[in-house]
Amino acid sequence: MPTIKINKKVFEKLVGKKLPLEKLKDRISYLGTDLEDVNENEIVVEIFPNRPDMLSEEGFARAFSSFIGVKTGLKKYNVKKSGHKVIVDKSVSMRPYTTCAIVKNLNFNDEMIREIMQIQEKLALTHGRNRKKSAYGLYPLNNINFPIRYTAKDPNEVKFRPLGLEKEISAVKVEELHPKGREFKWVAEGWKKYPFFIDGKENIMCMLPYTNSHHTGKVDETTKEVFIECTGTDLENVKQALNIIVTMLADMGGQIYSLDIIYPSKTITTPNLNPEEMKVDIGYVNKILGLDLKENQIKTLLERMGFDYKNKKALIPAYRTDILHQIDLIEDIAIAYGYENFIPSIPNLSTISAEDKFEIFKNKIADLLSGMGLIETCSYHLSNKEQQCSMMNTNLSLIELENSISSDYNILKAWNIPSLMEILSSNKHHEYPQKIFTIGTIFKKNPKSETNIEEDERLAIAIASEKTDYTEIRQILDYLFRSINLKYEITETEHDSFITGRVGRVIVNGKNVAYIGEISPQVITNWELEMPVTALELNLTELFNTISK
Amino acid sequence: MEVDKIIAALHPLERKVLPILRETSSFEKIAELTKLQKVEVMRALQWLQNKKIISVKQKLQEKIDLDENGLKYRDKGLPEKTFLQLSNKPITLDEIGKRSNLSKQELSISLGILKSKGAIEIKKERGILISITNAGKNILNKGFPEEDFLKKKFPIGIFELNNEEKRIFESLKKRKNIVKLNIIKIINAELTEIGKKLTAQKIDSKNIIDRLTPSIIQSGEWKNKKLRSYDVAINVPNISGGKRHFVSQAIQYSKRIWLDMGFKEMTGPIVESSFWVFDALFTAQDHPVREMQDTFFIKNQKYGKLPEKKLVNAVKSAHENGGSTGSKGWQYNWKNEEAMKNVLRTHTTNLSARTLAGLKKSEIPSKFFAVGRCFRNEAIDWSHLFEFNQTEGIVIDPNANFRHLLGYLKEFFRRMGFEKARFRPAYFAYTEPSVEIDAFYPVHKKWIELGGAGILRPEVTKALLGEEIPVLAWGPGFDRVMMDYYDINDMRDIYKNDLKQLREMEYWMK
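Keep in mind that what you see is a predicted model, and the values were worked out from it rather than measured.

**Points about the overall build of chain A**
And step 1. Counting its regular elements, chain A contains 16 helices and 28 strands.
And step 2. Here the C-alpha atoms of chain A give a radius of gyration of 33 Å, more than 25% beyond the 24 Å that 2.2 N^0.38 yields for 549 residues.
And step 3. Dimensions of chain A along its principal axes, counting C-alpha atoms only, are 90 × 65 × 50 Å.
And step 4. Expressed as a percentage of the 549 residues in chain A, the buried residues total 58%.
And step 5. Long-range contacts, defined here as pairs at least 24 residues apart, represent 69% of the contacts in chain A between residues at least 6 apart.
And step 6. As presented, chain A carries roughly 23,900 Å² of accessible surface, and 46% of it is formed by carbon and sulfur atoms.

**Brief notes about the domain arrangement of chain B**
By convention, interface size is frequently given as the accessible area that disappears when the constituent parts associate.
And step 1. Domain assignment breaks chain B into domain 1 (2-61 + 184-227), domain 2 (66-177) and domain 3 (247-504).
And step 2. One C-alpha centre belongs to domain 1 of chain B, the other to domain 2 of chain B; they are set 50 Å apart.

**Quick notes on the domain arrangement of chain A**
And step 1. If you check the domain split of chain A, you get domain 1 (3-67), domain 2 (79-270), domain 3 (276-339) and domain 4 (357-548).
And step 2. Distance between the C-alpha centres of domain 1 of chain A and domain 4 of chain A: 54 Å.

**As for the pattern of salt bridges**
And step 1. Counted according to the given criterion, the structure contains 71 salt bridges over all chains.
And step 2. Where Lys 225 of chain B meets Glu 221 of chain B, a salt bridge forms, and the shortest distance between an N and an O atom there is 3.0 Å.
And step 3. When its relative accessible area of 32% is taken as the criterion, Glu 221 of chain B is described as partly exposed.
And step 4. Where Glu 411 of chain B meets Arg 414 of chain B, a salt bridge forms, and the shortest distance between an N and an O atom there is 3.0 Å. Separated by three residues within a single helix, Glu 411 of chain B and Arg 414 of chain B lie in helix H19 (residues 402-415), roughly one turn from each other.
And step 5. Taking the relative accessible area as the measure of exposure, Arg 414 of chain B reaches 39% and is therefore partly exposed.
And step 6. When salt bridges with common partners are traced through the structure, they connect Glu 355, Glu 359, Lys 362 and Glu 457 of chain A together with Lys 255 and Glu 265 of chain B into a single cluster.

**Considering the environment of Asn 78 of chain A**
Residue and element names in this part refer to chain A.
And step 1. On the secondary structure map, Asn 78 appears in the loop between helix H3 (57-67) and strand E4 (79-88).
And step 2. Remark: the alpha-carbon pair of Asn 78 and Leu 536, spanning 458 residues in sequence, is separated by 76 Å.
And step 3. Apart from residues no more than four positions distant in its own chain, Asn 78 is found in contact with Gln 255 and Ile 256.

**Side note on unusual backbone geometry**
Residue and element names in this part refer to chain A.
And step 1. With an omega dihedral of -5°, the bond running from Phe 146 to Pro 147 counts as a cis peptide bond.
And step 2. Mapped onto the secondary structure, Pro 147 falls in the loop between strand E6 (134-140) and strand E7 (148-153).
And step 3. Cis rather than trans, the peptide bond between Tyr 432 and Pro 433 has omega equal to 0°.
And step 4. When you line up the elements, Pro 433 lands in the loop between helix H13 (417-425) and strand E23 (434-445).
And step 5. Even without glycine at this site, Asn 485 takes up a positive phi of about 55°.
And step 6. Phi at Glu 528 takes a positive value of approximately 60°, unusual for a residue other than glycine.

**Re the environment of Thr 500 of chain A**
And step 1. The topology assignment puts Thr 500 of chain A in strand E26 (residues 498-508).
And step 2. Taking the C-alpha atoms as reference points, Thr 500 of chain A and Glu 518 of chain A, separated by 18 residues in sequence, lie 8.9 Å from one another.

**A closer look at helix H3 (residues 27-34) of chain B**
All names here are of chain B.
And step 1. Taken as a whole, H3 has its buried residues at Phe 27, Ile 30, Ala 31 and Thr 34. What you see down the axis of H3 is that its buried residues fit within an arc of 95°, all on one side.
And step 2. The N-cap residue of H3 is Ser 26: its side-chain oxygen and the backbone nitrogen of Glu 28 are 3.3 Å apart.
And step 3. Note on H3: the residue one or two positions beyond its end, Lys 35, has a positive phi of about 60°.

**What to know about the sheet that holds strand E3 (residues 120-124) of chain B**
Residue and element names in this part refer to chain B.
And step 1. Pairing is antiparallel in the open sheet, where three strands are placed in the order E2-E4-E3. Bordering the open sheet on either side are strand E2 (91-92) and E3, each of which pairs with just one other strand.
And step 2. As judged from the two bridges shared by E2 and strand E4 (residues 128-132), these two strands associate in the antiparallel manner. Residue pairing for E4: Ile 91 is matched across the bridge by Ile 130.
And step 3. Contacting E3 and E4, helix H8 (residues 104-116) crosses the sheet at an angle of about 115° to E3.

**Quick look at the packing of aromatic side chains**
Think of a pair of aromatic rings as described by two things: how far the centres are apart, and how the planes are tilted against each other in angle.
And step 1. Counted according to the given criterion, the structure contains 41 aromatic pairs over all chains.
And step 2. With centroids separated by 4.8 Å and ring planes inclined at 45°, the aromatic side chains of Tyr 380 of chain A and Phe 386 of chain B adopt a geometry described as tilted. Of the two residues, Tyr 380 of chain A is situated in the loop between strand E19 (375-376) and strand E20 (382-383) and Phe 386 of chain B in the loop between strand E12 (366-375) and strand E13 (387-396); the pairing between them involves two chains.
And step 3. By relative accessible area, Tyr 380 of chain A is classed as buried at 12%.
And step 4. Between Trp 258 of chain B and Phe 412 of chain B, the ring centres sit 4.2 Å apart and the planes meet at 5°, which makes this aromatic pair stacked. In this pair, Trp 258 of chain B sits in helix H14 (residues 246-260) while Phe 412 of chain B sits in helix H19, placing the two residues 154 residues apart along the sequence.
And step 5. Overall, the relative accessible area of 0% leaves Trp 258 of chain B in the buried class.
And step 6. Looking at Phe 412 of chain B, the relative accessible area reads 1%, which means it is buried.
And step 7. These aromatic residues form a ring-pair network of at least three members: Trp 258, Phe 263, Tyr 408, Phe 412, Phe 413, Phe 418, Tyr 441 and Trp 474 of chain B.
And step 8. When the ring centre of Tyr 319 of chain A is taken as reference, the NZ or CZ atom of Arg 62 of chain A above it lies at 4.1 Å.
And step 9. The residue whose ring lies beneath Arg 505 of chain A is Tyr 515 of chain A, and the NZ or CZ to ring-centre distance is 4.1 Å.

**So, the interface of chain B and chain A**
And step 1. If you look at the interface, chain B gives 97 residues, while chain A gives 83 residues.
And step 2. Of the charged contacts in the structure, one is a salt bridge between Lys 328 of chain B and Glu 276 of chain A, with a shortest N-O distance of 3.5 Å.
And step 3. Summed over the shared surface of chain B and chain A, the result is 57 residue pairs in polar contact (both at pLDDT 80 or more).
And step 4. Per element, the largest residue contribution to the side of chain B that touches chain A is eight residues, and it comes from H19 of chain B.

**So, the sheet that holds E26 of chain A**
Residue and element names in this part refer to chain A.
And step 1. Strand order in the open sheet made by the seven strands is E19-E23-E24-E28-E27-E26-E25, with mixed pairing throughout. Of all the strands in the sheet, just E19 and strand E25 (489-492) have a single pairing partner and so form its edges.
And step 2. As defined by bridge partners, strand E24 (residues 453-464) adjoins strand E28 (residues 533-539) across seven bridges and the pair is classed as antiparallel. Bridge pairing links Ala 462 to Ala 535 in E28.
And step 3. Contacting E23, E24, E26, strand E27 (511-519) and E28, helix H16 (residues 540-548) crosses the sheet at an angle of about 50° to E28.

**A short note on the pairing of strand E11 (residues 204-207) of chain A**
Residues and elements named next belong to chain A.
And step 1. Across three bridges, the pairing between strand E10 (residues 194-198) and E11 is antiparallel. Bridging from a neighbouring strand, Ile 198 pairs with Ile 204 of E11.
And step 2. Where E10 folds back on E11, the antiparallel hairpin that results is connected by five residues, among which Glu 202 adopts a positive phi of roughly 65°.
And step 3. With two bridges joining them, E11 and strand E12 (residues 211-212) adopt antiparallel strand pairing. Opposite Cys 206, over in E12, you have Asn 212 as the bridge partner.

**Thoughts on the environment of Leu 55 of chain A**
All names here are of chain A.
And step 1. Considering the arrangement of structural elements, one finds Leu 55 in the loop between strand E3 (42-46) and H3.
And step 2. Look at Leu 55 and you get buried, because its relative accessible area is 2%.
And step 3. C-alpha separation for the pair Leu 55 and Ile 245, spaced 190 residues apart in sequence, amounts to 10.0 Å.
And step 4. Setting aside its immediate chain neighbours within four residues, Leu 55 contacts Pro 2, Ile 4, Ile 47, Gln 118, Ile 119, Lys 122, Leu 123 and Thr 126.

**Considering helix H4 (residues 38-50) of chain B**
Residue and element names in this part refer to chain B.
And step 1. If you check H4, its first and last C-alpha atoms are 18 Å apart, about what 13 residues at 1.5 Å a residue would give, namely 18 Å.
And step 2. On the buried face of H4, the contacting elements are helix H2 (12-20), H3, strand E1 (54-66) and strand E6 (179-191).
And step 3. Positive backbone phi, approximately 65°, marks Lys 52, located one or two places after H4.

**A short note on the nonpolar core**
And step 1. Judged by nonpolar contacts, the single largest core of 208 residues is most densely connected at Phe 227, Ile 228, Leu 249, Leu 289 and Met 421 of chain A together with Leu 344 and Trp 474 of chain B.
And step 2. Considering each element in turn, this core owes the most residues, 10 residues, to helix H7 (residues 235-251) of chain A.
And step 3. If we ignore the near neighbours within four places in the chain, the residues touching Ile 228 of chain A are Thr 99, Cys 100, Ala 101, Val 103, Gly 137, Leu 138, Leu 242, Ile 245, Val 246 and Leu 249 of chain A.
And step 4. If you look at the next biggest cluster of nonpolar residues, it comprises 35 residues, including Val 312, Trp 334, Tyr 430 and Ala 463 of chain B.

**With respect to the side chain of Asn 539 of chain A**
Residue and element names in this part refer to chain A.
And step 1. Inspection of the secondary structure assignment puts Asn 539 in strand E28.
And step 2. We classify Asn 539 as buried; its relative accessible area is 7%.
And step 3. Of note is the side chain of Asn 539, whose polar atom sits 3.0 Å from the backbone nitrogen of Glu 542.
And step 4. Residues contacting Asn 539, with those up to four places away along its chain left out, are Asp 456, Glu 457, Arg 458 and Val 513.

Definitions and cut-offs
Residues numbered from 1 in each chain as written. Chains lettered and ligands numbered in written order. Predicted model: local features only at pLDDT ≥ 70, side-chain atom pairs only at ≥ 80, totals over all residues. Heavy atoms only, no water. Helix = DSSP H or I, 4+ residues; strand = E, 2+ residues; numbered from the N terminus. Rg over C-alpha atoms; globule rule 2.2 N^0.38 Å. Buried < 20%, exposed > 50% of the residue type's maximum accessible area, 1.4 Å probe, protein only. Contact = heavy atoms within 4.5 Å. Areas by Shrake-Rupley, 256 points an atom, 1.4 Å probe, with all protein chains shown as cover. Domains from an automatic or database assignment. Salt bridge = Lys/Arg side-chain N within 4 Å of Asp/Glu carboxyl O. Arc of directions from axis to C-beta. Polar contact = N/O pair within 3.5 Å; in protein donor to acceptor, adjacent residues only side chain to side chain. Pairing = 2+ DSSP bridges. Axes fitted to C-alpha atoms, helices over the stretch in contact; angles between N-to-C directions. Phe/Tyr/Trp six-rings, centres within 6.5 Å; stacked < 30°, edge-to-face > 60°. Lys NZ or Arg CZ within 6 Å of the ring centre and 35° of its normal. Expected span 1.5 Å × (residues − 1). Core = buried A, V, L, I, M, F, W, Y, C linked by side-chain atoms within 4.5 Å.

Dropping the structure here:
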């Protein structure tokens, strides 16, 4: 989730009220933003991804001001017609939508320019899904000639000077030479042509999704009027982005102008800041919230969140992207009401509890084992091939993770004894005998399962001591099976982790459920241990299924 | 009376040591006379001191001991003696060297010593010619007093030497590796007033039984003897038993709470298709949580199977246009392939989604819970792990509302030991309204985030249940609560499995 830094003085001016520090902290948290830090000069907040309209100082202050009751209700923005056009060519099929606007009467200072850059980046990261869904650009209006064309071109045939570079280069070099080209070339994977904005005098304004041109795209303190473009793969998304940007600029004192966007099949005028309407069902609101709010109370609460309420309908500001359903209005009503004001209550609702039967079974097994003096251990489900296979002298088929950050944990465990060996290995300096067990999930391929991966719960026991031997581990197994009144047999078997002739396969009702034996000295040495180790691994899922039949 | 009681409680070691204390207070001497090992004497003295029978005083003392050459000369004689014996007839220095085992250094030292004593005469002709004097002969007859000194019993305190011996010690000290001074701890045990009274009594060990044995019981021997009393307040060595891991203990407790509140347990897979982890929970297919940096994907079993078509279509239309819920949906083309991707569950809410999809009408209202391991693709450090425990709950109740949600959560955390819980607005893709739960930690005097909750969105319940019933849902993390209880500061310690720590760790006593 994006974090933004806000100048406290500017914020207070925008809000129109100064709150004491403690009150400020409290109100920010209850507005639905995560307060990270606040001091005399700065407020640092985390904005939830459903509220991109709060990513700017202006947007955040706007929401805060109405929340604390200073400037409530739907904020009106006046949009004038510019009379200019943007022509969309059908060649931009890889990024077919654009929305544009002009804002005049701006009075930028250093900080505002930084702020504009910040919101462009943060908005593109969240709302624009890291520029894949949408990206945005601002240009000083006085360098641009209308009409503007939005069109796709072969980058080999375009030359321009990208913003931040010293000279003109071929557009095909941008992905190599420009930092944004390198960062976002994944967005353009598979593109043969790239979308460009080109002005009336054939000047390249920008190459998407990367960078503005130096010639037309450099906003600075002298800029009083800007042209804004949003492009992307989803029309609704670029409309919302434009609304968020222009309302922010209007809150900085700017005047918004619309343009006609001429698509091959239709013409739209952007930005459109008319509020959407949504019906409010008072009964539904009160049922969900467990309150008894009257219509005028709901009106007041909606106004606290920047909405208007008329004729049983909420008027939704054009910069709100998160109101999909009436339930979203209900949350805003709850926030305005104050989460701290809800009185928690437990309904008199009789239901019968039930613990999962297999969970009970596992617990009983674990209790029996701890009664025998064994200590339960707790390990990760992730491991690595070396521990699961090489150090155990075996070769198993493992489920691998696609993208683990750590090479120590890049597979799912196929068995549990290696985890116990690791624990013994890291406890060499502690008192012996060491008797440990664990119950954990193991993973193996199985096309019959829904995920094509089978998960079993397995018990593993390991004993390390001078005197441990097959008899000792066998006695534990025997006691366990006697305690749960289960007959079993053991047949001789081979297993590379165990000593030949001292390893058995445990069979219950014809099903193989466990290995049991003495760990081979080679494996013991692999783990840098110097004590004899005996171990067993028992498939509890299999065992439980067998006895439940 | 007092004294009798003390005598009755004396340990066999104490019984051996105590009578000796009348004769000596020296630790060494006690060990010698009782024929006990030094550790045994030490233990006995310690116990006796604890009972105020003796007072043990330790002081540091300088003791003289023989060094390497000292030991050699004690056994083989001093080099100057050998030298002088060989000088009985005039002899060259080289010849003495050949006929003795003396080193060059020993030769020159002997030469110096004997010359200063006037025991030899030195002439320089044909090399160095040496002959014994009358004084020398005298010395040979009387013997060297240094040799007598070396034969004393070492180590020995300087204060034990007479003046002559002191002089010899000083002269030997100047020579190489003959004597050395060591700092030695001298232990003395003096009887206290009680001790003196005690030793005046007869301390009998024959009529005292130390350990009760089967044969003593059978023979009836115990009838005529006294069983020694113990110091019941004494410290004993630690032992430890088998036990459940502390995570299991805590999980058992939290399960108990949900069960007490009438919840049924849900269990299910850890590897799960994206359908159940994300899509069924109205998380758009381009949502950042579904990217590689947050979620573990599977390399060699990349895809799972989707459930029945009706359910898949309901979820698909919820995403694309809100289906029949009146929602706008996310307005994009929902793809099967994305939903089939296997992931390690990022929350246990996949279990809730499965439960809702399989719920019969007759089972409403009902309440379910789960406690389980979840995963996120994160590097490990003191406050981050790639595995964590979550406790999940859902309430399916046509009359459920937001205040009930807060009520259930408050009650759960109260039972977990947090008297104060507060709720703040939050955002989750699949709940609305959403809540962040903070609990107040009295020790740290601050609010700690414990995780999220909310009412499932209509897009979720309609697709899974087939109708729009309010479903309260929560999934707070569990590890922080546990770390607080056990006072663990580093998350990695949860899975460290240090056996000493596990053996000695406090038990979950709630």
